Every structure is written in structure tokens, then in C-alpha cells.
Amino acid sequence: MFINLTVYFILLWMFSFCMSYKLLVVFPVPGKSHAHLGNVFVSHLLDAGHEVTYIAPIPMESDNPRFRQINVESVRKIFGADKFIDVEKLLSRESDMKDMSVVFTCMFNLANLILNHENVQNLIHDSNEQFDAVIAEWMYSDLYSGLSAVYNCPLIYFLPVCPHNMALSLIDNDLNPAYTADHIKSDTVPPFTFLTRIQELMNFVNWKMHRWWVNDRNCQTFDKAFKQAVSKRGRVLPSLHELKYNASLMFGNSHILTGNGMPLPRNFIEIGGYHINYTNDTLPENLQNIMDRAENGVIFFSMGSMLKSAKFPEKIKTELIQMFAQLNQTVIWKFEDTLTEKPKNLHLIDWAPQRAILAHPNCILFITHGGLLSTTEAFHFKVPFIGIPMFADQFINVNRAVTKGVALKVDFNYDAPINLKIAIDEVLGNPMYHERINELSYVYHDRRAAPGEEISRWVHHVIKTKGAPHLRSPALLVPWYQKMYLDFILLIFIIFLSIIIILTAVIKGYMYTKNNYISLSKKYS
């Protein structure tokens, strides 16, 4: 009898962690790296037994019966990476990918297009649809928070980059810019100089102003997308200001090694690297043979999925090829074109199974644009790297790695081939870089649970606890002027001013009385 009861309670306990939920997942950014993050995130949820409805501009291939996709592929034709990233313009500084007005406007237009897409509106207006939670990628737009109001369910954010002020302010408090670098406009890491602290303060004020600037148009789009659907369900749509701060938690595609040891709220869950071990990446036979036979090691060169090396200026491409020819190592270059003449040690591939290449024991150096996925994978597979950042958070990602002693940075300009050769010689000739990344890779892997397992665990926790209100920061309930004690400072100022006024009045009264007394004394003396 006791054994039967024990088995029963064990099965009941296991069932409590295997409950199936209906989840709405939104990864709106039409870039391959964002799509990969979204696809693996969804796959983890499907493997945990959940039913997932997925909104993403790049379709995911899946025959899972619990998977449904809402097609918004048409937005990719307008917002694809090739529409905004021009290597020549980046090189000449004609294109500024750090301009916050450009970033906010782009993400607003994307959200406006997706939320008002016919297929999304059909989903929103279907009163029979219900979800247990909404999980939305946060990329400079709060508009997707309205989906949680439609379905009256918890909201979970997903942050594809390292934690930063714009995102953390939605679930807790602003970080102090005196020791927190702006993830887009900055390329320095703390501790800051006096001038850098001033610049970081200006960056902080700048993004605050831009969020205020886009508020009106955000509210208009928010009402247009959700008001009627919520009303149809017999409820009143809360304000965007209320909903965007109502997230139960935020998943972060980050790890302390890819960022800094900044203070994070309890409901910020770091799952950096969850995309790596989901599938067993294998090398094609030709690449396997190339890497196996590389007696002096392999240097892997890739600028990611959004930047194409084939679009480099001819002068830079020619000099890079000449420089690679001088190396003893085998070079594998993700290059989206063919070349009539190239050195024997250089191999061009238009698609790269990056994780499988980095995992090979003969891969000794990684040349990368410094995207967060690439830097995370470098730590995972213990490969030191050279970063050639081009835009967005790539600069600070690379500089953080440089300060940790696992990477070097090369600026993208016409001197890049020369400087890259110097950097290659330094990294390969100095054992410090390999030793250091081996040390830090232990830190990366030393976790309580695999990052992919954390996804289902915390989604279950949020739904089971009806939005996990116990995790939310009290900072969200305190007005900004109280956080800065401005009301207290104002009170002290008023008291101080009142004392001065009273003392001034007393002194004036005393002097007036004294002068009158002296005048009367003289008059009657």
C-alpha cells in the first residue's frame, strides 16, 4: 500500500512539471539570427509538451501537431537586413546604425505592420482563441505587450541581447549610467573616465527622450491594434503605459561572461547559449576532411548572417586574400560568392555550420563581427576570437571580450587587412588567449541547469503562479521623482528657504527696531 501511494505521488509530482500550456510566441525581427533564436525557443517549448502558436516573419519548418504558425512573411520584403545594411555606407560612416531615432522608428514601423497584418488581426479577433501566456521578443517596441491584454494572460519578454537600461526599466529600475555602458552607442566598458561618464549620462537621457518622442504614435497604433478585440471580449483595454510594465519576467539571451556583473532583478532569467546544444550540428564531409587535415589549425572567418563578406570593397577583399595566403593555417571564410583565384589554404563557403566548425578541435581562431550568438559560441567552444564590429551591440560585445583577455578588436576600414594580420599573429603567438578562454569557458558551463531547461521551467512557474507577482520589483510602483528623492530634496529646500526667509524677516525687524530706537534717542537727547 505504501509503495503504491509513493508511486502515485511521484507520478503526480512529475505530472505537475509536465503540464501542457497554450502559448503565443512572437519573434518579430526579420533577421536570420533572431529567427534562429525564436525557432529554438519554440522547439524547447514543443519538446516540453506545450502547444505553440508562433508569429515570425521567417517561417519555421516543423511538422509537430502542437505547432501552428501565423504567416507574416510579407514584412520581410520591407524590413529584411539587406534593406538597411550597406557595407559601403557603414565603411564610409554614411550610415549610422547607432542613431536611436532610426532604431525606434524602424522597430515601430515593423510592429505596426505585424500587429495590423491581416493574419494577426484574424487571430486577435477570434474570441474562441485563448492562451496561457504571451512570450514576445523585445526589440525597442513595447507594442506586443497588448497581446497579453487580449488574452488576459501573463506577459513574458525575451531580450535577444545583453541586459541594458531600456529593457531592464520595464521590469525593475534604470541602471546607473556611471557604471553601465549604453549597449548601442557605447563601445567602452566600465570603469569610466570622467568624460565617459558624462557621455553615458547623455546617452541615457537621449534614449529616455526618444521613448517619450515615440509615445504618442505608439499609443495610437496600440489602440488601433487591440482596442476592438479586447472590447469584443467584454473588457476595457488598459493603457500601453500600464501593460508594458506588467511583464511577469524577462528571459535574456545572455550570460555574465558576455556582459558585465551588473545587478539584475529576480525576474530577469539569463538563458544565454540555449540555442547551442539543441541540435547536434555536424560538418559536411568536405569541411570535415578540410578541418581534419589542417595540421597547423583552422582559422574560421564569418561576419554572420546579416553581413555579407562578398559585399566588401574590392580593395579590402583583395588584401584579405593576399594576407590569408601568408598564413600557415587553413582559413575557412564564409563568403557568399566565388573567386577565380585564391590561395590553397583558403576555402570559401556560402553557408557555414558555425557551431560544428567551432566545436572541431582544430579550430584555433575565430574572426567574427561580434554578434552575441557568435561571442557566446566562442566561450562555449573555447575558441579565442578577433572581433570586427560593424553596428549595434557588436562594438561593446567585442570590447567586453577584449577586457576579459580572450579577444582582440580590429576596426573595419581600409587598413583592416593589415591590422587583422597583426591581430592574428598576436592571438596565435600568445598562449594567454587560449589559456584565458579555457578558464572562462568553465565559468560559462558551470550552471545549475542547462539554459534550454530554464525556459520551460520558468514558463510553467509564471503560469502556475498567475503571473509570478512575487518576482516583480517594487521599483515599478515608485514614481521616478521618489526614486531620486526629489520630493525629499524639495522638502529640505523649502524648509531651508523658509528658515532663510524667517531669519531675514527677523533680522530686518530687529534692524528696523534698532534704527528707530537710535533715531528716537538722538531726537530726545
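Source: prediction; values computed, not measured. (Residues numbered from 1 in each chain as written. Predicted model: local features only at pLDDT ≥ 70, side-chain atom pairs only at ≥ 80, totals over all residues. Heavy atoms only, no water.)

## Focus: a positive patch on the surface
What counts here: By definition, no residue in a patch forms a salt bridge, and every one has over 30% relative accessible area; like charges are joined within 9 Å, nonpolar side chains (Val, Leu, Ile, Met, Phe, Trp, Tyr) within 5 Å. Every accessible area reported is derived by Shrake-Rupley at a probe size of 1.4 Å, with residue values counting cover from the shown protein chains alone. Every case where a carboxyl oxygen of Asp or Glu lies within 4 Å of a side-chain nitrogen of Lys or Arg is listed as a salt bridge. Positive: Lys, Arg. Negative: Asp, Glu. His and the chain ends are not part of the count. Note that the charge is assigned to NZ on lysines, CZ on arginines, CG on aspartates and CD on glutamates. For the purposes of this entry, the term helix denotes a DSSP run of H or I that reaches at least four residues, the term strand denotes a run of E that reaches at least two, and both are numbered from the N terminus. Accessible area is worked out with a 1.4 Å probe on protein chains only. A residue is then buried under 20% of its type maximum, exposed over 50%, and partly exposed in between.
On the surface, a cluster of positive charge is made up of Lys32, Arg76, Lys308 and Lys311. Structurally, the position occupied by Arg76 is in helix H3 (residues 76-79). Exposure remark for Arg76: the relative accessible area of 32% places this residue in the partly exposed category.

## Some points on the nonpolar core
So the rule is basically this: Joining through side-chain atoms within 4.5 Å is the link that ties buried Ala, Val, Leu, Ile, Met, Phe, Trp, Tyr and Cys residues into a set, and such a set is a nonpolar core. Two residues qualify as a contact provided that any one of their heavy atoms is within 4.5 Å of a heavy atom in the partner residue.
Ranked by size, the top nonpolar core spans 60 residues in total, and within it Leu24, Ile55, Tyr140, Tyr151 and Phe226 carry the most contacts. The element that contributes the greatest number of residues to this core is helix H5 (residues 100-115), accounting for 10 residues. Leaving out residues up to four positions away in the same chain, Ile55 has contacts with Leu24, Val25, Val26, Phe27, Ile70, Val72, Ile114, Val120 and Leu123. Residues Ile321, Phe391, Ala416 and Ile424 belong to the second largest nonpolar core, which totals 34 residues.

## Here we look at empty space enclosed by the protein
Keep this limit in mind: Using protein atoms alone on a 1 Å grid, points that fit a 1.4 Å probe yet trap it form a cavity, whereas open point sets bounded by protein on both sides within 12 Å along at least five of seven lines form a pocket; residues with an atom within 4 Å of a point count as lining. Grid points are joined across faces, edges and corners, and a volume is the space filled by probe spheres set on the points.
Counted according to the given criterion, the structure contains three cavities of 30 Å³ or more. Only helix H8 (165-168) and helix H9 (194-213) provide two or more residues apiece to the lining of the largest cavity. The element contributing the most residues to the lining of the largest cavity is H9, with four residues. Around the second largest cavity, the lining residues are Phe301, Met303, Phe312, Leu320, Ile388, Phe412, Ala416 and Leu420.

## Overview of the packing of aromatic side chains
In plain terms, the rule: Each pair of aromatic rings taken from Phe, Tyr and Trp, with Trp reduced to its six-membered ring, is defined by centres within 6.5 Å and is described as stacked if the planes are under 30 degrees apart, edge-to-face if over 60, and tilted in the remaining cases. Throughout this description, the term charge over a ring refers to an Arg CZ or Lys NZ atom that lies within 6 Å of the ring centre and within 35 degrees of the ring normal.
Summed over the entire model, instances satisfying the criterion amount to 21 aromatic pairs. Taking 5.9 Å as the distance between ring centres and 45° as the angle between the ring planes, the aromatic pair formed by Phe27 and Phe41 counts as tilted. You can see Phe27 sitting in the loop between strand E1 (22-26) and helix H2 (32-47) and its partner Phe41 sitting in helix H2, a full 14 residues away along the chain. By the ring-pair criterion, three or more aromatic residues cluster together here, those being Phe27, Phe41, Tyr54, Phe67, Phe158, Phe251 and Tyr274. Taking the ring centre of Phe108 as reference, the NZ or CZ of Arg217 above it sits at 4.6 Å.

## Focus on the layout of surface pockets
Rule in force here: Amino acids outside the nonpolar list (Ala, Val, Leu, Ile, Met, Phe, Trp, Tyr, Cys, Pro) and the charged list (Asp, Glu, Lys, Arg) are all regarded as polar, and Gly is one of them.
Quantified by volume, the second largest pocket comes out at close to 1,000 Å³. In terms of lining residues, the second largest pocket is bounded by 34 residues, among which Asp174, Lys208, Tyr245, Trp480 and Lys483 are the most central. Elements represented by at least two residues in the lining of the second largest pocket include exactly H9, helix H10 (215-232), helix H11 (240-244) and helix H20 (480-483). No other element matches H9, which puts five residues into the lining of the second largest pocket. Among the residues making up the lining of the second largest pocket, the classes are represented as 18 nonpolar, eight polar and eight charged.

## Here's the deal with the environment of Asp187
Within the secondary structure, Asp187 sits in the loop between H8 and H9. Note: C-alpha distance between Asp187 and Ile256 (69 residues apart in sequence) is 18 Å. When sequence neighbours within four positions are dropped, the list of residues in contact with Asp187 reads Phe395, Asn399 and Lys409.

## So, the sheet that holds strand E12 (residues 385-387)
Operational definition: At least two bridges found by DSSP between two strands is the condition for calling them paired. Interaxial angles span 0 to 180 degrees and are taken between N-to-C directions of axes, which are lines fitted to C-alpha atoms, for helices over the stretch in contact.
Ordered by their spatial adjacency, six strands build an open sheet running E10-E9-E8-E11-E12-E13, and the pairing between neighbours is parallel. On the outer flanks of this sheet lie strand E10 (346-349) and strand E13 (407-409), each paired with one strand and no other. Put simply, the sheet's adjacent strands are angled 15° from each other on average, direction ignored. Across five bridges, strand E8 (residues 298-302) lies against strand E11 (residues 363-368) in parallel orientation. When the sheet's bridge partners are listed, Val298 is paired in E11 with Cys363. Set on the sheet, helix H13 (residues 314-325) makes contact with E8, strand E9 (330-334), E10 and E11; between it and E9 the angle comes to about 155°.

## Examining the pattern of salt bridges
Enumeration over the complete set of coordinates arrives at 12 salt bridges. Close ionic contact of Lys244 with Asp142 constitutes a salt bridge, the shortest N to O distance being 3.7 Å. Placement of Lys244 in helix H11 and of Asp142 in the loop between strand E4 (133-137) and helix H7 (146-151) is noted, with a sequence separation of 102 residues between them. Here Lys244 and Asp142 have matching classes, each one buried. A salt bridge links Glu336 to Lys334, with the shortest nitrogen-to-oxygen separation between them at 2.9 Å.

## Regarding the confidence of the model for the protein chain
Detail in the predicted coordinates should be disregarded across regions flagged by low pLDDT. For clarity, the threshold we go by: Every residue carries a pLDDT, the predictor's confidence in it, which falls somewhere between 0 and 100.
Chain-level statistics for the protein chain give a pLDDT mean of 89 and a share of 92% at 70 or above. The low-confidence segment residues 7-17 (pLDDT under 50) makes two contacts with residues lying over four places distant or belonging to another chain.

## Section: the pairing of strand E6 (residues 249-252)
The side chains of a regular strand alternate between the sheet's two faces. The side-chain alternation of E6 yields two buried faces, one formed by Leu249 and Phe251 and the other by Met250 and Gly252. Pairing geometry for strand E5 (residues 155-159) and E6, over four bridges, is parallel. Bridge pairing links Leu159 to Gly252 in E6. In this sheet, strand E7 (residues 268-270) lies alongside E6 in parallel orientation, the contact comprising three bridges. By the bridge assignment, Phe251 is partnered in E7 with Ile269.

## Some remarks on the packing of helix H6 (residues 118-125) against H10
Here is the rule: Convention used here: angles under 35 degrees read as roughly parallel, angles over 145 as roughly antiparallel, angles from 65 to 115 as roughly perpendicular, and any remaining angle as oblique.
One way to put it is that H6 packs onto H10 with a least axis distance of 9 Å and a crossing angle of 25°. On the basis of their axis angle, the class for H6 and H10 is roughly parallel. Contacts between H6 and H10 involve Gln121, Ile124 and His125 on the former and, on the latter, Ala225, Phe226, Gln228, Ala229 and Lys232. For the contact of H6 with H10, the class distribution of residues is four nonpolar, three polar and one charged.

## Quick look at the pairing of E1
Operational definition: Note on handedness: a crossover is taken as right-handed if, strands pointing away from the viewer, the path from the first strand over the helix to the second is clockwise.
Where burial is concerned, most of E1 is hidden: four out of the five residues are buried. Bridge count between E1 and strand E2 (residues 51-56): five bridges; the pairing is parallel. Counterpart to Lys22 in the pairing with E2 is Glu51. As for the winding sense of the linkage, the β-α-β connection from E1 through H2 to E2 is right-handed. Looking at chain direction, E1 and E4 are connected through four bridges and run parallel. Paired with Val25 across the strands is Ile135, a residue of E4.

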